[in-house]
Amino acid sequence: MIKIPTNSKKDVFTHAAIIVCLLMVLFFGFFFIYLPWSTNHGETITVPSLKGLTMEEAEDLLDERNLDYEVTDSTFTPGKKPLTVLSQYPLENSKVKQGRKIYLTINTETAPMIKLPKLTEMSVRSAEQQLLIAGLLKPSLEYQNDIRENEVLEVKYQGTKIEAGTLIAKGSKVTLIVGNGTGNVELEIPCLIGKPLDEAIIIISGSGLQKGTVIYDPDSTEPAGTVIRQNPACEDGKIKAGEMIDLWVAGNPPSGE
């Protein structure tokens, strides 16, 4: 072992200064050279906007920036494409280190089924609010001659009447049948006797009236499906808009009724 002679105080201070200098070199070298190099100190990546992108597009964009991702949640949002990004964390334009994981929420591929809320006897505005709360789109409106102005009379989905509690896909659009307040208007009663039932129903609807009860008479000698009686009768003259006409039809009801 080599010994450095320290014959004087000057030699002691010199040796101490050399040791301090070496320690400082090691200290600054570690914190300002090695550590920044090993941790990419000062090098950040800007997080891109991923909202609305498909999973494939988002993955490609993150790969280009050496970022990782993880899908942490999925939900259904009407009007958004399936399997697209709805939200992200960290947010776009955030500064992160290379390899940082971006957490994603995506839109589910299939819409969940929900129960149609009760909408009849409500105002149009209240019914629209109930639909939005339930996760359904703003409805289409069809007005019908009825004294109940701006009141929902019935609900249709894809042309078919549906009742409250019916299962329907979230994000669907229904049609509200709404009264136009003209129920006091009197109309001529159409004469429907001798007409096929389907034609009679079209005439009733086109006249601003409603189809009432349909009663089948299997003993009638008229061709099956022919209207043989109506109430009120066309001889009665006038009927208020939106009122019903009951029909008696020859033959038996179709199977399923």
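Residues numbered from 1 in each chain as written. Predicted model: local features only at pLDDT ≥ 70, side-chain atom pairs only at ≥ 80, totals over all residues. Heavy atoms only, no water.

Quick look at the overall build of the protein now. When you go through the protein residue by residue, the secondary structure sums to 4 helices and 16 strands. Across the 257 residues of the protein, 28% fall into the buried class. Long-range contacts, defined here as pairs at least 24 residues apart, represent 70% of the contacts in the protein between residues at least 6 apart. A total accessible area of about 16700 Å² is found for the protein, and carbon and sulfur atoms account for 54% of it. (Helix = DSSP H or I, 4+ residues; strand = E, 2+ residues; numbered from the N terminus. Buried < 20%, exposed > 50% of the residue type's maximum accessible area, 1.4 Å probe, protein only. Contact = heavy atoms within 4.5 Å. Areas by Shrake-Rupley, 256 points an atom, 1.4 Å probe, with all protein chains shown as cover.)

Right, let's talk about the nonpolar core for a bit. Ranked by size, the top nonpolar core spans 15 residues in total, and within it Leu192, Ile204, Leu209, Ile239, Ile245 and Leu247 carry the most contacts. At the level of secondary structure, the elements contributing two or more residues to this core comprise α4 (197-206) and β16 (244-250). Sequence-distant contacts of leucine 192, that is, excluding residues within four places in its chain, are made with Ala200, Ile203, Ile204, Val227, Gln230, Ile245 and Leu247. One finds Leu116, Leu136, Val155 and Val178 within the second-largest nonpolar core, a separate group that totals 14 residues. (Core = buried A, V, L, I, M, F, W, Y, C linked by side-chain atoms within 4.5 Å.)

Before going further, it helps to examine the side chain of glutamate 128. The topology assignment puts glutamate 128 in helix α3 (residues 124-134). Lysine 138 provides the closest opposite charge to the buried, unpaired glutamate 128, separated from it by 4.7 Å. Here glutamate 128 is in contact with Lys138, Pro139 and Leu141, once residues within four sequence places are set aside. (Lys, Arg positive; Asp, Glu negative; His and termini not counted. Salt bridge = Lys/Arg side-chain N within 4 Å of Asp/Glu carboxyl O.)

Okay, a nonpolar patch on the surface next. Nonpolar side chains collect at one region of the surface, where Ile19, Leu23 and Leu26 lie side by side and expose about 320 Å² of accessible area between them. On the basis of relative accessibility, which here comes to 60%, the residue leucine 26 falls in the exposed class. (Patch = residues over 30% accessible without salt bridge, like charges linked within 9 Å, V, L, I, M, F, W, Y side chains within 5 Å.)

Here we take up the environment of leucine 153. Relative to the helices and strands, leucine 153 resides in strand β8 (residues 152-157). Not counting chain neighbours up to four residues away, the residues in contact with leucine 153 comprise Thr120, Gln144, Asp146, Arg148, Ile177, Val178 and Gly179.

With that settled, consider the state of the cysteines. Scanning the entire structure with this criterion turns up 1 disulfide. The disulfide that involves cysteine 191 links it to cysteine 234, with 2.4 Å between the sulfurs. Across the S-S bond of cysteine 191 and cysteine 234 the torsion is about 100°, and the bridge reads as right-handed. In this pair, cysteine 191 sits in the loop between β12 (186-188) and α4 while cysteine 234 sits in the loop between β14 (227-231) and β15 (238-240), placing the two residues 43 residues apart along the sequence. (Disulfide = S-S within 2.5 Å.)

Quick look at the pairing of strand β5 (residues 101-107) now. Among the 7 residues in β5, 5 count as buried, and that is most of the element. Sheet topology places strand β2 (residues 68-75) next to β5; 7 bridges connect them, and they run parallel. Within the sheet, the bridge partner assigned to glutamate 70 lies in β5 and is tyrosine 103. One ladder, built from 4 bridges, connects strand β3 (residues 85-89) with β5; its direction is antiparallel. Residue pairing in the sheet places glutamine 88 in a bridge with leucine 104 of β5. (Pairing = 2+ DSSP bridges.)

The next subject is the pattern of salt bridges. Counted according to the given criterion, the structure contains 6 salt bridges. Linking glutamate 64 and arginine 65 is a salt bridge whose minimum nitrogen-to-oxygen distance equals 3.8 Å. Two residues, glutamate 121 and lysine 118, come together in a salt bridge whose shortest N-O distance is 4.0 Å. For glutamate 121, a relative accessible area of 63% corresponds to the exposed category. Under the relative-accessibility criterion, lysine 118 is labelled partly exposed at 46%.

Another point: a negative patch on the surface. The grouping of Glu56, Glu57, Glu59, Asp60, Asp63 and Asp68 at the surface amounts to a negative patch. In terms of residue count, the dominant contributor to the negative patch is helix α2 (residues 55-64) (5 residues). Along the chain, aspartate 68 turns up in strand β2. (Charge placed at Lys NZ, Arg CZ, Asp CG, Glu CD.)

Right, let's get into the sheet that holds β3. Spatially, 3 strands are ordered β2-β5-β3 in an open sheet, and the strand pairing comes out mixed. Looking at which strands have only one partner, the edges of the open sheet turn out to be β2 and β3. Here the average twist between neighbouring strands, direction ignored, is 25°. Strands in contact with α2 are β2, β3 and β5; relative to β2, the strand with the most contacts, it is inclined by about 155°. (Axes fitted to C-alpha atoms, helices over the stretch in contact; angles between N-to-C directions.)

So, about the layout of surface pockets. In this model, the largest pocket occupies a volume close to 460 Å³. Lining the largest pocket are 15 residues, with Gln144, Glu154, Lys156, Ser205 and Gln210 positioned closest to its centre. Elements with a contribution of two residues or more to the lining of the largest pocket: β7 (140-149), β8, α4 and β13 (210-217). At 4 residues, β7 tops the list of elements feeding residues into the lining of the largest pocket. The class makeup of the residues in the lining of the largest pocket is 5 nonpolar, 5 polar and 5 charged. (1 Å grid on protein atoms, 1.4 Å probe; cavity = no way out; pocket = protein on both sides within 12 Å on 5 of 7 lines; lining within 4 Å. Points joined across faces, edges and corners; volume = space filled by probe spheres on them. Nonpolar A, V, L, I, M, F, W, Y, C, P; charged D, E, K, R; others polar.)

Nothing here speaks to function; it is geometry throughout.
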